[in-house]
Amino acid sequence: MNSDPNRPRDDASGIDDAHPAVEHFDAAITHVDESYATGKMAAGAARGILYSIIETLGTLVGDPDLPAHARSGYEGLLETARELRAKIEH
C-alpha cells in the first residue's frame, strides 16, 4: 500500500484512489451478464467488455502495492469474469 499521507483514499473500500473499488468491477460484470442473458447485448460486445475488465483486473492483481484484502477481491472477480467469458464463447 502506498504510504504517502497526502494521497487521497477511498473511504468506502479503504483502498487508495489508484485502485478502483471492487464493487465497481462486480457491478460491471453483473451488468454484462444480465444484458447478455436478456439479449440486450450482443455476444461480441460482451466479450469485448469482459476482455477489458479481465485485462484491468489482471493488472491490478499484479500490483505489488495492492493490499492483500483487495487482491483477494480482485482475484475472485477475475475468475468470475473469465467464467462468464467462457460461457459466452460457447
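Residues numbered from 1 in each chain as written. Predicted model: local features only at pLDDT ≥ 70, side-chain atom pairs only at ≥ 80, totals over all residues. Heavy atoms only, no water.

1. Thoughts on the environment of Ala28
Working step 1: Structurally, Ala28 is set in helix α1 (residues 22-37).
Working step 2: Along the primary structure Ala28 and Leu50 are separated by 22 residues, whereas in three dimensions their C-alpha atoms are 8.9 Å apart. (Helix = DSSP H or I, 4+ residues; strand = E, 2+ residues; numbered from the N terminus.)

2. As for helix α3 (residues 68-89)
Working step 1: In this model, α3 (22 residues) spans 32 Å end to end at C-alpha, consistent with the 32 Å of a helix rising 1.5 Å per residue.
Working step 2: Where α3 is concerned, the buried positions are Ala70, Tyr74, Leu77, Leu78, Ala81, Leu84 and Ile88. The buried residues of α3 all sit within an arc of 130° when viewed along its axis, so they share a single face. (Expected span 1.5 Å × (residues − 1). Buried < 20%, exposed > 50% of the residue type's maximum accessible area, 1.4 Å probe, protein only. Arc of directions from axis to C-beta.)

3. Digging into the packing of aromatic side chains
Working step 1: Considering all chains together, one arrives at 1 aromatic pair under this definition.
Working step 2: Judged by centre distance (5.9 Å) and plane angle (90°), the ring pair of Phe25 and Tyr74 falls under edge-to-face. Of this pair, Phe25 sits in helix α1 while Tyr74 sits in helix α3, placing them 49 residues apart in sequence. Just as Phe25 is buried, Tyr74 falls in that class too. (Phe/Tyr/Trp six-rings, centres within 6.5 Å; stacked < 30°, edge-to-face > 60°.)

4. Some remarks on the side chain of Ser35
Working step 1: Within the secondary structure layout, Ser35 lies in helix α1.
Working step 2: Judged by relative accessible area, Ser35 falls into the buried class, the value being 9%.
Working step 3: Setting aside chain neighbours within four positions, we find Ser35 in contact with Lys40 and Met41. (Contact = heavy atoms within 4.5 Å.)

5. Observations regarding α1
Working step 1: In this model α1 runs 23 Å from its N-terminal to its C-terminal C-alpha over 16 residues, within 8% of the 22 Å that 1.5 Å per residue would give.
Working step 2: What α1 keeps buried is the set Phe25, Ile29, Val32 and Ser35. Buried residues along α1 cover an arc of 135° about the axis, so they all sit on one side. Away from its buried face by more than 90 degrees, α1 exposes Glu23, Glu34 and Ala37.
Working step 3: Of the residues flanking the end of α1, it is Gly39, one or two places downstream, whose phi is positive at about 80°.

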